[in-house]
Each structure stands twice: as C-alpha cells, then as structure tokens.
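Spelled out, the chains give:
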Amino acid sequence: MATAGTSYESLELPTAMIDVATPAADWIVVWPVALALLGAGLLVMLRNQRHMQLAFAVAVILAIMVSNIYLLLRVFETGPIAMTMGKWLPPFGITFAADMTSAIFSLAASIAALIVAFYAQIELTDRGHRFGFYPMLLLLLCGVSGSFLTGDIFNLYVWFEVMLIASFGMMILGGRKLQLDGAIKYGFLNFLATTFFLVAIAYLYGLTGTLNFADLVAKGADLPIGPLVTVSVLFLFAFGVKAAAFPANAWLPASYHTPAVSVSAIFGGLLTKVGAYAAIRVLTMALPEGYAQIQTVIAVVAFATLILGPLGAIAQTNLRRAVGFLVIGGIGAIFAGFALGTTHGIGGAVFYAFHSMLTITAFYLLAGLIERMSGTSDIRKMGGIYGASAPMSVLFVIMVFAISGLPPFLGIWPKILLVEGGIRAANWWLVFAVLFNSFLTLIAASRLWAYIFWRNGQEGERSEQANEDLRPLSAREVGMGLVPTVILFAVIVVFGLFPDWLFAASGIAAHDMLSPTRYVDAVFAQVPQP
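Residues numbered from 1 in each chain as written. Predicted model: local features only at pLDDT ≥ 70, side-chain atom pairs only at ≥ 80, totals over all residues. Heavy atoms only, no water.

Undergrad: I tried to follow the overall build of the chain on my own but got confused; where do I start?
TA: Per the secondary structure count, the chain includes 22 helices and two strands. Relative to the globule expectation of 24 Å for 530 residues, the C-alpha radius of gyration of the chain, 23 Å, shows essentially globular dimensions. Each principal axis of the C-alpha distribution contributes one length, and for the chain these read about 85 × 60 × 40 Å. Within the span of the chain, comprising 530 residues, buried residues form 61% of the whole. Of all intrachain contacts in the chain linking residues separated by at least 6 positions in sequence, the fraction that spans at least 24 positions is 81%. With the model as given, the accessible surface of the chain reaches about 19,800 Å², and the carbon-plus-sulfur share is 68%. (Helix = DSSP H or I, 4+ residues; strand = E, 2+ residues; numbered from the N terminus. Rg over C-alpha atoms; globule rule 2.2 N^0.38 Å. Buried < 20%, exposed > 50% of the residue type's maximum accessible area, 1.4 Å probe, protein only. Contact = heavy atoms within 4.5 Å. Areas by Shrake-Rupley, 256 points an atom, 1.4 Å probe, with all protein chains shown as cover.)

Undergrad: Help me understand the side chain of K273 in this model?
TA: Mapped onto the secondary structure, K273 falls in helix α11 (residues 261-286). No salt bridge is formed by the buried K273. Its closest oppositely charged neighbour is E371, at 18 Å. If sequence neighbours within four positions are ignored, K273 has contacts with F105, F148, G268, V327, I331, I334, S356 and M357. (Lys, Arg positive; Asp, Glu negative; His and termini not counted. Salt bridge = Lys/Arg side-chain N within 4 Å of Asp/Glu carboxyl O.)

Undergrad: Can you help me understand a nonpolar patch on the surface in this one?
TA: Among the surface-exposed residues, F188, L192, F196 and F237 lie close enough to one another that they form a single nonpolar patch of about 350 Å² accessible area. Sorting elements by how many residues they give to the nonpolar patch places helix α7 (residues 177-208) first, with three residues. Its place among the elements puts F237 in helix α9 (residues 225-243). (Patch = residues over 30% accessible without salt bridge, like charges linked within 9 Å, V, L, I, M, F, W, Y side chains within 5 Å.)

Undergrad: I keep staring at the environment of T284 and nothing clicks. Help me out?
TA: On the secondary structure map, T284 appears in helix α11. Judged by relative accessible area, T284 falls into the buried class, the value being 5%. Separated by 114 residues in the primary sequence, T284 and M170 place their C-alpha atoms 32 Å from one another. Discounting chain neighbours no more than four positions away, the residues touching T284 are A279, Y291, F338, I346, M513 and L514.

Undergrad: Honestly, helix α15 (residues 343-374) in this entry has me stumped. Any pointers?
TA: Given 3.6 residues to a turn, an α-helix orients residues that are three or four positions apart in the same direction. Compared with the 46 Å implied by 1.5 Å per residue over 32 residues, the 45 Å span of α15 between its first and last C-alpha is a close match. For α15, a buried count of 30 out of 32 residues is recorded, marking the element as mostly surrounded by other parts of the structure. Of the residues flanking the end of α15, it is G375, one or two places downstream, whose phi is positive at about 75 degrees. (Expected span 1.5 Å × (residues − 1).)

Following this line, the structure appears as structure tokens:
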C-alpha cells in the first residue's frame, strides 16, 4: 500500500496494464466520438440559446470531419490505429481501433451530418429547438462514430444503444400521431434485434472468454462448428434487422417517412449502414469460419433484398416511402459484396456504403424540398415542377443516375467492383441480381421523375393542366435547404468523377478485413511480447 512518502509512478504495474503513454497522435481515433459527445452535452446546457444552436453544432461537426479526414490520411500512411482506455492492456481494456473501413464510414457520417445540420433550419420550430434537435443530432453522430471505431463487440452494443436513444428522440420530435406510429414500428423491431444481439454477445463470450475483435481473430478459429454457426446466425439476424435486409425490412419504409425530412435523411443515410458495417466486421473479420458456413444464406438475403427493394419503390405513391425502399435495395448491394467475401466483394461493399450514405441523404433532402414546393408527399398530386423549377429537375435527374449506378456518377464504381467480384467468383445469379437491381432502381426513380416533373399537373383529368398548388421556395428554404443539398450533390459528382482515392481506400479496407494482421498488430502493439 502506498504511503505519504511513496510515488505512484514508482509502483510496479500489473502485467495486464499499460506502462507507457499512448502517443498523442493516436488519440485521433477517439476524437470523432469524444467531440460529438462533448458537443451534445454542451448543447443541452445551451438549449434555450436558440441563436447558438446551429453555429455550435456546425463547429463541432466540422471539427469531427477534420478529425476524420486526418484519421483517414493516417490510416492511408501508417495502417490501422488503436488505443486502449484505462491503462488496461487489450483485450481487458476498452479498445478503439480504426482501419480503412472505419475511417471511410466515419468520414461519410460526418459529411452527411453537416449538411443535415443546415437543412434542419427550414424545419425546426421553437418546440424543435427546445426539445433538443441539435444535441440529439450530435448524440446520434456520437453513437454512429463509436460503432464504426470501437474495437470491442460489447461496446459496439453500447454505441448502438447511444445511437438508438438519440434516434427515438429525433423520430418523435414534433409529436404528430404519424410519427408516434412510425416510432413504435421502428422501436419494436430494433428492440427485437437488440435482444438477439445481446444473446449472441453472451453466447460468444461464454465460448471464447473475450469480446475484443482482435482477440477474436485468433480465438474464434478454435470454436466447435455447431456453437460457431449458432452464434453467427444470431449476429446475422440481429444486424440484418438493423440494416433492413430481407426478410426483416418492412419496418423501414413504414417509419422513415414519418419524421421531419432532416431526420429521415440522417436515418436513411447512416443508420442502416451501421448494421451492415457491424455484420461485415463481426462475421468477416472476427468469425470468418462461422461466416463461411452461412455464406450461402447471406447471398440469398442479398439477392432478395436487391430485387425486392426497388420493386417496392415502383409500387409506392408516397415519395419518401419510395426512397425508403431504395434504401433497402442499396443494403442488398452491400450484402452482395458481403456475401462474395472476396477483395472485390468487400471492397465493393465498403465503396457502395460510402456512396449510399451520401446519396441517400441527398435524395431525402431533395424529396423534402419537392414536398415543400408541392405541399404534399403523394406523387400523384405533384406534377409540373419542371416548369416551376428546372434546377430541381436537373438535380433529380442526377439523383436518378447516381442511385441507379449509372456513369459518370459515384454509384457506378462500386457496382463495377461488385460485378467483377461476382464474375471472378462465378456467382452468376448474384451478378444478375446486382445488374437487375440497377435496372429496377432506374425504373423506380424514373417513374418518380415522370410523376413529379414531366407531367404538367396532378393525376386525373387535370394532368395536362398547370399545377396550381405549387409554390416557389422561400429565400430561407433556398439558402438553408437547397444550397446545402446542392453542395452535397456536388460532392457526390466530384467523387464520382475522381474516384481513384476511393478505389484505393476500398481495396485497403477489403485487404485488412479479410487478412486482419495489421489490425491485430495495431491493437496489441503495447502488449509485451514473451
């Protein structure tokens, strides 16, 4: 026991503890989470200072984005980065780790959140500010970033819960009956998925005695095949529900159209990708033997999700419900790469997820502006917007091409990787599904464009008459709604025209996911070697 005359620095630390300081540069791996959490807390204290909410939130998100850019550059330069909290060596301490997959996903999340922070200004009322939209947005970003950057499965669950707490609050912000109905559907399925997730975590810990990703890479290979398949199926179901993959995807289009457009945009862009990311991380990297046993099941899920998503969109008359079904189709593309399990497949999945996080966010925001101009969410009552706003029509055409995976926009490149990966693996029916998904998505999105823009007026006898219900966007809606949306479109177009860095990043991400030696070395770098 230490006395008044002893120094704690002179005491011998147990061998399970870190005895050297983490390099200052490696703290970058926690900054996206720490800044968001700190910002959310401060904004709660400033909730009555309405004039400060946007500026403070934007400053925090910009700092997070800069951190993510630096993190991405560090991973490009030196490989995966890790740090473990509380002086405990891994796998005992809480580990944060960033490889290329984590860095790409985290960067896309901060870009989407920044645009949504501006767009929300055209929707927020005094009630919205009072009940904390911006603190919940930062708390949501904290949970999303934590999910991408954690190195431990139990803490993945913790960040899921942080994300869900914020999402429930954002879902019901406004208190309309439709929102409460959507929140019940959203909440029930997510609670179910969380239950299966916790069961899988407990089962896995009982089998291996660890939940650290890097530690599982070695210990997961020694598990008996029966328990390994069981725990892999539990994880697949839990993450599949959260990702809105077939067959547990009906909750998404039934709920994502109910809140404010800015909330729909951040949900559609980010939340389902967290589920897809978790499935790839846990099954492909940590439990590859279990993944191999259920790879055919994942391929079936991917095939069904690819086809049924855009088919659902074709049948919709509510604009945001249709976009919700297109979100599901995109999840099918990510799961197709996940099912292939090759460098091209995983690389294509990571690339497509980055594209989808930005493109789906932009699509929801554009849909919100269209709803504001027409005063309705029913595409049958829209029409004539081409004459009222040609630039909006051009933006929608760009979105049709981007989300369908047509050149020269961002969506074409991951689809090429997925198709090439399917051909190399001789998985022809998955190749067919990826290509047919693009065809169906093009039909669904073109149908929306025809209803909203090409037709002169509303459906029925007045279809050839000018739509008298249209109104121009106000100056505030243009400045805080249309301009940020155009900026996000510009980012998507630029990334589509100059995709080399994304090809390089997705290739590194796939390599480190399938051969996680560098990830494991980064996590255990401070562990003394025998």
